[in-house]
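# Per-entry structural report
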Amino acid sequence: MNQIWRYFRVTDYSPAAVIALSFLLTIFIGTILLSLPIAHVGDLRFIDALFFATSATTVTGLGVADTASTFTVFGEIVLMFLMQFGGIGLMTFSVAILIILKKKITLKQRIFLSDSYNQPSVGGMVRLVKGILLFVFTVQSIAFVILTLHWTQRFPLGEAAYLAAFHVISSFNNAGFSLFPDNLIGFQQDPFTLLLISSLFIVGGIGFIVVLEVFQKKRFRDWSLHTKLMIYGTLVLNCVAMVLFFLLEFRNPQTLASLSAIDQWANAYFAAVTPRTAGFNTLDYSQITDSSLMLTLLLMFIGGGTASTASGIKLTTFIVLFLATLAFFRNDEEPFIFGRTIKKEVVMRSFAITVISMFTIGLLFFFVTITEKMDFDPLLFEVVSAFGTVGLSMGITADLSDLGKLLICVAMFIGRIGPLTLFFFLARPKDRHFRYAYDQVYTG
């Protein structure tokens, strides 16, 4: 780790480049570890090890084979470390080690951290990292104890503890990997498990900055606009999606129709929140209605919160675009909400994120349709799921060609680091000190 951090310390790369390279480095190490004979059962091709390492590091959850039957305990532990590193960020862990060793955190390292968490300044970054790590450790520890005790009703204590540890890490980091062959379909009639796991990936996906601010500032009026948008946006979106899923699926004999009323609502709720990059499923997504499929695609594209374990364009980006559209129809110069105005730069950034994301998904989907001879819907679902680092699938992941797997790996990587991060890494845009004359363009 010291050698890794020494590389980051002497590099002249931008923070965006360091973020991208840290994920690539973690994926490379994970691929090597998963390729070791002690990590897997039988043969595991290099492309499949790369796919699993990429999926775990980007906290996606897609797999080309069943996790439990493919990997040994060593391999599963490697996956847990990759999910934890991928969810919290290698940069955060590196700084945490320096803090433990009582080493000085340089200005450049603070800049990297502020860029990782989209903070406007480098002030208080070390304190923020300490708060994040304490929060992660506390939440995961409490959830581990509760889930272990609950699962002792199904499994022996030792097995229950191991399964709980794996699924707590997977759910909090929005990874979606499961050690059960059918993911969580076997827990359709276990509302407690569904509520606990969904609570973990909602907390992990809402954003560390938001959670810490809610704990530090008890009154609503003291919250920042970002926190208000995330809390209210999450509540509204989850509730609306839950009702829609219930209405669309409660008569579907392949999904909710055979369940009791309370289990129907529990699974509708789970189906509503899991596309926000969590990846667990209690329903067979190859059997849901086309309307539910479309709703799931939209939720996967929106994703979770900034500076969280989630991906997608982010909920605040979606809200800003919605408010900007309302402002246009109201003939307002800038969008506003909760008595605060949103800057034009934020609107432009949100617009750029959405356009680049749509372009990336469209381009990758186009290439996947060339490499894979499959139906349109499952391929589109797979690409959007990979880009949003969701991990849901209509059952085609294992049937992808080697080139198709590589394309999905690219989608997962871009989705995790963020399309704008990749753009700034590759393009290195320069500031212009001049402006061209205005002219008319007719649109709409």
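In the nomenclature of an unreviewed UniProt entry, the protein chain is known as Ktr system potassium transporter B of Chryseomicrobium excrementi. Under Subcellular location (unreviewed entry), UniProt gives the following word-for-word description of the protein chain: "Cell membrane".

Attention shifts here to the environment of Ala143. As for its placement among the helices and strands, Ala143 is situated in helix H8 (residues 125–151). In this structure Ala143 comes out as buried when scored by relative accessible area, which is 5%.

Here Leu379 lies in helix H17 (residues 376–387). The buried category is assigned to Leu379, whose relative accessible area is 2%. Spatially, the C-alpha atom of Leu379 lies 9.3 Å from that of Thr397, the residues being 18 residues apart in sequence. Not counting chain neighbours up to four residues away, the residues in contact with Leu379 comprise Phe365, Val368, Thr369, Glu372, Met374 and Ile396.

With that settled, the discussion passes to unusual backbone geometry. Despite not being glycine, Val59 shows a phi value in the positive range, around 45 degrees. Following the sequence through the fold, Val59 ends up in the loop between helix H3 (46–57) and helix H4 (67–70). Residue classification places Val59 among the buried positions, given a relative accessible area of 0%. Of note, Asn183 is a non-glycine position whose phi angle comes to about 60 degrees, a positive value. With respect to the helices, strands and loops of the structure, Asn183 is situated in the loop between helix H9 (157–172) and helix H10 (191–206). Taking the relative accessible area as the measure of exposure, Asn183 reaches 13% and is therefore buried.

So, about the UniProt feature "transmembrane region" (unreviewed entry) in the protein chain. In the numbering used here, UniProt assigns the feature "transmembrane region" (unreviewed entry) to residues 16–39, 77–101, 128–149, 192–210, 230–248, 293–326, 346–367 and 404–426. In the segment residues 192–210, helix accounts for 95% and strand for 0%; the C-alpha atoms at its two ends are 25 Å apart. Structurally, residues 346–367 is divided into 100% helix and 0% strand, and its ends, taken at the C-alpha atoms, are 32 Å apart.

End to end, H17 covers 17 Å across 12 residues, agreeing with the expected 16 Å (1.5 Å per residue, within 8%). Here H17 lies mainly inside the structure; nine of its 12 residues are buried. Within H17 the residues assigned to the buried category are Pro378, Leu379, Phe381, Glu382, Val383, Val384, Ser385, Ala386 and Phe387. Directly beyond the C-terminal end of H17, a positive phi value near 45 degrees is found at Thr389.

Attention shifts here to the packing of helix H16 (residues 344–371) against H17. In the contact formed by H16 and H17, the axes pass within 10 Å of each other and the chain directions differ by 135 degrees. On the basis of their axis angle, the class for H16 and H17 is oblique. In this structure, H16 crosses over H17, and the sense of that crossing is right-handed. The residues of H17 that touch H16, namely those facing Ser357, Thr360, Ile361, Leu364, Phe365, Val368 and Thr369, are Phe376, Leu379, Leu380, Val383, Val384 and Phe387. Looking at the contact of H16 with H17 residue by residue, the classes come out as 10 nonpolar, three polar and no charged.

Calculation notes
Residues numbered from 1 in each chain as written. Predicted model: local features only at pLDDT ≥ 70, side-chain atom pairs only at ≥ 80, totals over all residues. Heavy atoms only, no water. UniProt positions renumbered as here; feature names shortened; annotations may be inferred. Helix = DSSP H or I, 4+ residues; strand = E, 2+ residues; numbered from the N terminus. Buried < 20%, exposed > 50% of the residue type's maximum accessible area, 1.4 Å probe, protein only. Contact = heavy atoms within 4.5 Å. Expected span 1.5 Å × (residues − 1). Axes fitted to C-alpha atoms, helices over the stretch in contact; angles between N-to-C directions. Parallel < 35°, antiparallel > 145°, perpendicular 65-115°, else oblique. Left-handed = near helix turned anticlockwise from the far one by under 90°. Nonpolar A, V, L, I, M, F, W, Y, C, P; charged D, E, K, R; others polar.

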